[in-house]
Amino acid sequence: MPYLTPAPSGIARTGLSQGIGVPGYAHPLVAALEWGELTRPGIPLHWVALDVSDGPGTRPDRHCLEAAGRLRNAGVQVLGRVDMTFGARAFAEIAADARRYLDWYLVDGFLLDRCPTERGSLAETGRAVTTLRALLGGGHVVLGHGTHPYPGYVEIADQLVTFSGPWSDYRWSQVAEWTADHPPERFCHFVHGVPRGHLDEALRIARWQGAATIYFTDRTDRYGRIDPWETMPGYWDDLVSLVGTGVSE
């Protein structure tokens, strides 16, 4: 199988712990159980993305304020999800969304979703990241490409999402060679439609491919009709246990 080829430079053998990055559950009123579960002690969370209404919304949302506050009090990083529409969105709109997230929800960073991947968009994306870091005074920035981008993107953000998609693609995926020059904490993998019986295998793939932040779910997108990340996977407790005990090693 392609993923069983040992990664160059020993990336798969660094001993770094995997953790969970949550791409963004549904609104807390709809997914109260999911948001409440994230503050349970012992969950190996790297960060949680907050998406109020396809962005920060037009006014502060009391329920999202409470959910974000509980996570911060539990020591969990909260990232505001900002849609880049693959580079088509205006810089001013991106900056405005970021300011609202910061002013209203005191976020710790941003997930720039649907981020462009091509070399030609690198400079404009870098400009956006620099602006967001200035607003934050630092912070954590994740570029949500969903696939391997031009290698230069790794130099401008804390993490890249280099896979986001179905299990049917992930189980046969191959990692880009240039990722071997960087440690696993620089990369995230989000996979939907993972059967419970293949959860161990999915975790091993992520480790062999050098991705320290993961999110796996048995939910599917139903051929693009729903968001598979909006609800918690049916095997959440199993996922937490496996990631927390480092079973993928």
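On a predicted model such as this, the values are computed, not experimentally measured, just so you know.

Before going further, it helps to examine the sheet that holds strand 1 (residues 19-22). Within the closed barrel, the eight strands sit side by side as 1-2-3-4-5-6-7-8. Their pairing is parallel. Each strand axis lies, on average, 25° off the axis of its neighbour in the sheet, ignoring direction. Where strand 5 (residues 140-144) and strand 6 (residues 159-166) come together, two bridges link them in parallel fashion. Opposite L143, over in strand 6, you have L160 as the bridge partner. Together, strand 2 (45-50), strand 3 (78-83) and strand 4 (109-113) form the strand contacts of helix 3 (residues 91-105), whose direction differs from that of strand 3 by roughly 155°.

In this fold, T125 is placed in helix 4 (residues 122-136). For T125, a relative accessible area of 2% translates into the label buried. Those residues in contact with T125, other than ones at most four positions away along the chain, are M84, C115, P116, L143, Y153 and I156.

It is worth spelling out unusual backbone geometry at this point. Phi at F86 is positive, roughly 60°, even though this residue is not glycine. With respect to the helices and strands, the residue F86 is situated in the loop between strand 3 and helix 3. With a relative accessible area of 49%, F86 lands in the partly exposed category. In this model, L106 sits at a positive phi of 50°, which is unusual for a non-glycine residue. Structurally, L106 can be placed in the loop between helix 3 and strand 4.

Another aspect to go through is the packing of aromatic side chains. This structure, assessed with the given rule, holds 12 aromatic pairs. Relative to Y170, the ring of W167 has its centre 6.4 Å away and its plane inclined at 50°; by these criteria the two rings are tilted. Of the two residues, W167 and Y170 are both situated in helix 5 (residues 167-170); the distance of three residues between them amounts to about one turn of the helix. Like W167, the residue Y170 is buried in the burial classification. Members of the aromatic cluster, connected to one another through ring pairs, are Y25, W35, W47, F190, Y215 and W229. One cation-aromatic arrangement involves R127 over F91; the distance from NZ or CZ to the ring centre is 3.8 Å.

What follows concerns helix 6 (residues 199-208). Burial of helix 6 is extensive: seven of the 10 residues sit out of reach of the surface. When we look at burial in helix 6, the residues that qualify are L199, E201, A202, L203, I205, A206 and R207. Check the buried side of helix 6 and you find it contacts helix 5, strand 7 (187-192), strand 8 (213-217) and helix 7 (236-244). One or two steps after helix 6, the chain reaches G210, where phi turns positive at roughly 80°.

Attention shifts here to the pattern of salt bridges. Applying the stated rule across the entire model yields 15 salt bridges. A salt bridge links R62 to E66; the shortest N-O distance between them is 3.4 Å. Here R62 and its partner E66 are both found in helix 2 (residues 62-73), four residues apart, which amounts to about one turn of the helix. Residue R62 is classed as exposed on the basis of its relative accessible area of 52%. Note that E124 is salt-bridged to R127, the shortest N-O span being 3.3 Å. On the criterion of helical spacing, the pair formed by E124 and R127 is a turn pair, its members being three residues apart in helix 4. The class for R127 is partly exposed, based on a relative accessible area of 43%. A cluster of three or more residues bridged by salt bridges with shared partners is formed by D51, D54, R81 and D113.

Our focus in this paragraph is the environment of V161. Residue position: V161 is located in strand 6. Among the residues examined, V161 registers a relative accessible area of 2% and is labelled buried. Here the alpha-carbon distance between V161 and L111, two residues 50 residues apart in the chain, equals 9.5 Å. When sequence neighbours within four positions are dropped, the list of residues in contact with V161 reads L111, V142, L143, G144, H145, G146, T147, C188 and F190.

Calculation notes
- Residues numbered from 1 in each chain as written.
- Predicted model: local features only at pLDDT ≥ 70, side-chain atom pairs only at ≥ 80, totals over all residues.
- Heavy atoms only, no water.
- Pairing = 2+ DSSP bridges.
- Helix = DSSP H or I, 4+ residues; strand = E, 2+ residues; numbered from the N terminus.
- Axes fitted to C-alpha atoms, helices over the stretch in contact; angles between N-to-C directions.
- Contact = heavy atoms within 4.5 Å.
- Buried < 20%, exposed > 50% of the residue type's maximum accessible area, 1.4 Å probe, protein only.
- Phe/Tyr/Trp six-rings, centres within 6.5 Å; stacked < 30°, edge-to-face > 60°.
- Lys NZ or Arg CZ within 6 Å of the ring centre and 35° of its normal.
- Salt bridge = Lys/Arg side-chain N within 4 Å of Asp/Glu carboxyl O.

By themselves, these are just geometric observations and shouldn't be taken as functional.
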